[in-house]
Amino acid sequence: MKLSYRSLALLVTVLLVSSFNVVAFAGEIGLEEAIAVGLNHNSDILDLQDNLESIKRELKQLKAEDDWQLDLTVDGYANELNFDDESSDVEFSITGSRTYWWGLTLESELYGTGNYSTEEELSNDETGLKLSLSQNLYPSIPTEREQSYINKELDLQVAQKQLEEEKEAKIITWLGDYLNLLRLKEKQELAVQQNELALNNFKEVSAKQEINEASEIDILTAQIEVQQAQYSLKEAANNYQQAKKSFYSQLKLNIEDELLLNEDSDYLLMIKDLARATELDLENKSRLLDLGIANSVEIFENCLEQQSKKDDLKWSMADDKPDIDLTGSYDSNKQWGVGVSLSYNIFDSGKQRLTEETLQAELATLKRKYDDLITDLSLELDQLIDQLKLNENSLKAKELSLAKASLEAKIAKEQLKIGLIDDFELKEKDLSLKEAKINYSGVEDSLLVNKLELIKFLGKVDFRGGNQIEKRD
């Protein structure tokens, strides 16, 4: 089938437009997607994830070390004393051992030895099986590996809590940075309009000067306004670009991706609804502090460290008691036996006492640190509440400023109609109104971030699955 020139041109045009659309939108990334990328690639989060995985591997290793261990040993000897007397001896053994965490230790050995220089002597080899066991009866304490495993499990709980807390903190920080980017972009756009207004005003004043309707002072004033507007534009552009680079760096975003700045994104609206729906009784500080203590990662870690030291102290004191073990052995070629083993360290030059004193001192230090953490949390709560109230007052002031700017813009339109002001002054009022709206929104953003920080401090939300926020009961 032949295509006409017009049909071919139309087809090429459609393909070009389609490919352009793919290129234009392939690199766009929204807030929720950006946060998901950050949670998967941020260095601080990855470090904590690596630490968590390292602890998991250590736990598996401790488990594996107490599972069956098998060793094979083979020794061969070839002796040639003279041409008439040749012999060849082979010895082998397979040993196995396993320790159970309730104090039972099993050891086994399958062995063999013989002279294999002739087929007749092959049948004279000696093989056998040895078994031995030891069961701790007193004192009943975990084995060293089990103690290590118990302490490492506590480390795992802390690492999981730290990772969750870091993700929550990052999400709130990134939300604040995103909102800041949005405002900086608005300020840059406002600066562009202010610069255009200043340039247009300078042209008009210059034209008036040519017909002697503007003085030299008017020209200088217009020039100053242009310089100030250009400086403000460059400053706004620099602030936006620097903030954007920082945001991309923190979240490890591809520099070629275009971040969509949308104040009405579903994710952002969901967070605002969550913050709005979360009721906080700021006057009941004791209740808020209790919630903060229950949610604190530092308090959680301190309590687990205290528990670990208490366990170590208990086990150390038990080590000072006599060890009583039930033992047994079996040899397939010889005999079997059962016995009781008693061991006791009569004198250790004070080593046991020094170990216990060290553990007690470390436990006392942790208890003092716990009290300090409570004090720090109380101060942090005060700061969060004070900042929240401060931003609420600031929002009221910005609301009045916005109402004033809105009224001035409305009055300016009426004044323009009756010739009291010119078009330049009306545009100035309109831009002042836009600036007031940006400032008001900026304080709203700060208030939202402050409330999210307080909600996080109290443990009022879960950031499940990374960037999914759910309200806690």
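The rules behind the values
Residues numbered from 1 in each chain as written. Predicted model: local features only at pLDDT ≥ 70, side-chain atom pairs only at ≥ 80, totals over all residues. Heavy atoms only, no water. Axes fitted to C-alpha atoms, helices over the stretch in contact; angles between N-to-C directions. Helix = DSSP H or I, 4+ residues; strand = E, 2+ residues; numbered from the N terminus. Parallel < 35°, antiparallel > 145°, perpendicular 65-115°, else oblique. Left-handed = near helix turned anticlockwise from the far one by under 90°. Nonpolar A, V, L, I, M, F, W, Y, C, P; charged D, E, K, R; others polar. 1 Å grid on protein atoms, 1.4 Å probe; cavity = no way out; pocket = protein on both sides within 12 Å on 5 of 7 lines; lining within 4 Å. Points joined across faces, edges and corners; volume = space filled by probe spheres on them. Patch = residues over 30% accessible without salt bridge, like charges linked within 9 Å, V, L, I, M, F, W, Y side chains within 5 Å. Areas by Shrake-Rupley, 256 points an atom, 1.4 Å probe, with all protein chains shown as cover. Salt bridge = Lys/Arg side-chain N within 4 Å of Asp/Glu carboxyl O. Lys, Arg positive; Asp, Glu negative; His and termini not counted. Charge placed at Lys NZ, Arg CZ, Asp CG, Glu CD. Buried < 20%, exposed > 50% of the residue type's maximum accessible area, 1.4 Å probe, protein only. Phe/Tyr/Trp six-rings, centres within 6.5 Å; stacked < 30°, edge-to-face > 60°. Lys NZ or Arg CZ within 6 Å of the ring centre and 35° of its normal. Core = buried A, V, L, I, M, F, W, Y, C linked by side-chain atoms within 4.5 Å. Contact = heavy atoms within 4.5 Å.

Novice: It is not clear to me how the packing of helix α3 (residues 43-65) against helix α5 (residues 144-210) should be interpreted in this structure. Could you clarify?
Specialist: In a pair of packed helices, the angle between the axes and the distance between the axes together describe the arrangement. Taken N-terminus to C-terminus, the directions of α3 and α5 make an angle of 165°; their axes are 9 Å apart at the nearest point. Viewed along their axes, α3 and α5 adopt a mutual orientation that is roughly antiparallel. Considering the relative orientation of α3 and α5, their crossing is left-handed. Of the residues contributing to the contact of α3 with α5, the split by class is 11 nonpolar, five polar and 12 charged.

Novice: I tried to follow the layout of surface pockets on my own but got confused; where do I start?
Specialist: One water molecule sets the probe size; rolling that probe over the atoms shows where empty space is left. Looking at the second largest pocket, its volume works out to about 470 Å³. Residue lining of the second largest pocket: 21 residues in total, with A191, Q194, A229, S232 and E435 positioned closest to the centre. Of all the secondary structure elements, the ones that give two or more residues to the lining of the second largest pocket are α5, α6 (216-251) and α11 (423-458). Of the residues assigned to the lining of the second largest pocket, the class counts are 10 nonpolar, six polar and five charged.

Novice: Help me understand a negative patch on the surface, please; the structure alone is not making it clear to me.
Specialist: A surface patch of negative charge is lined by E298, D371, D372, D376, E380 and E453. With four residues, helix α10 (residues 351-417) is the largest single contributor of residues to the negative patch. By the element assignment, D376 lies in helix α10.

Novice: Sorry if this is basic, but what is going on with unusual backbone geometry here?
Specialist: Negative phi values dominate among residues other than glycine, just as trans dominates among peptide bonds. The residue N212 is not glycine, and still its phi comes out positive at about 60°. If you trace the backbone, N212 turns up in the loop between α5 and α6. Not every positive phi belongs to a glycine, and K252 is a case in point at roughly 55°. Structurally, K252 can be placed in the loop between α6 and β6 (258-259). By relative accessible area, K252 is classed as partly exposed at 40%.

Novice: Looking at this model, I keep getting lost on the packing of aromatic side chains. Mind explaining?
Specialist: Geometrically, a pair of aromatic rings is defined through the distance of the ring centres and the angle of the planes. As enumerated under the stated definition, the model contains one aromatic pair in all. Taking NZ or CZ as reference, K63 lies 5.4 Å from the ring centre of Y149, over its face. For K161, the ring lying beneath its charged end belongs to F300, and the centroid distance is 5.4 Å.

Novice: Please clarify how the nonpolar core should be interpreted in this entry.
Specialist: If you look at soluble globular proteins, the nonpolar side chains tend to sit buried side by side. Counting 37 residues, the largest nonpolar core has I35, L175, F247 and L259 as the members making the most contacts within it. Elements that contribute at least two residues to this core include exactly α2 (31-41), α3, α5, α6, α7 (266-277) and α11. For this core, the leading source of residues is α5, giving 13 residues. Apart from residues no more than four positions distant in its own chain, L175 is found in contact with L31, I35, Y267, L268, I271 and L452.

Without other data, these values stay purely geometric and don't point to any function.
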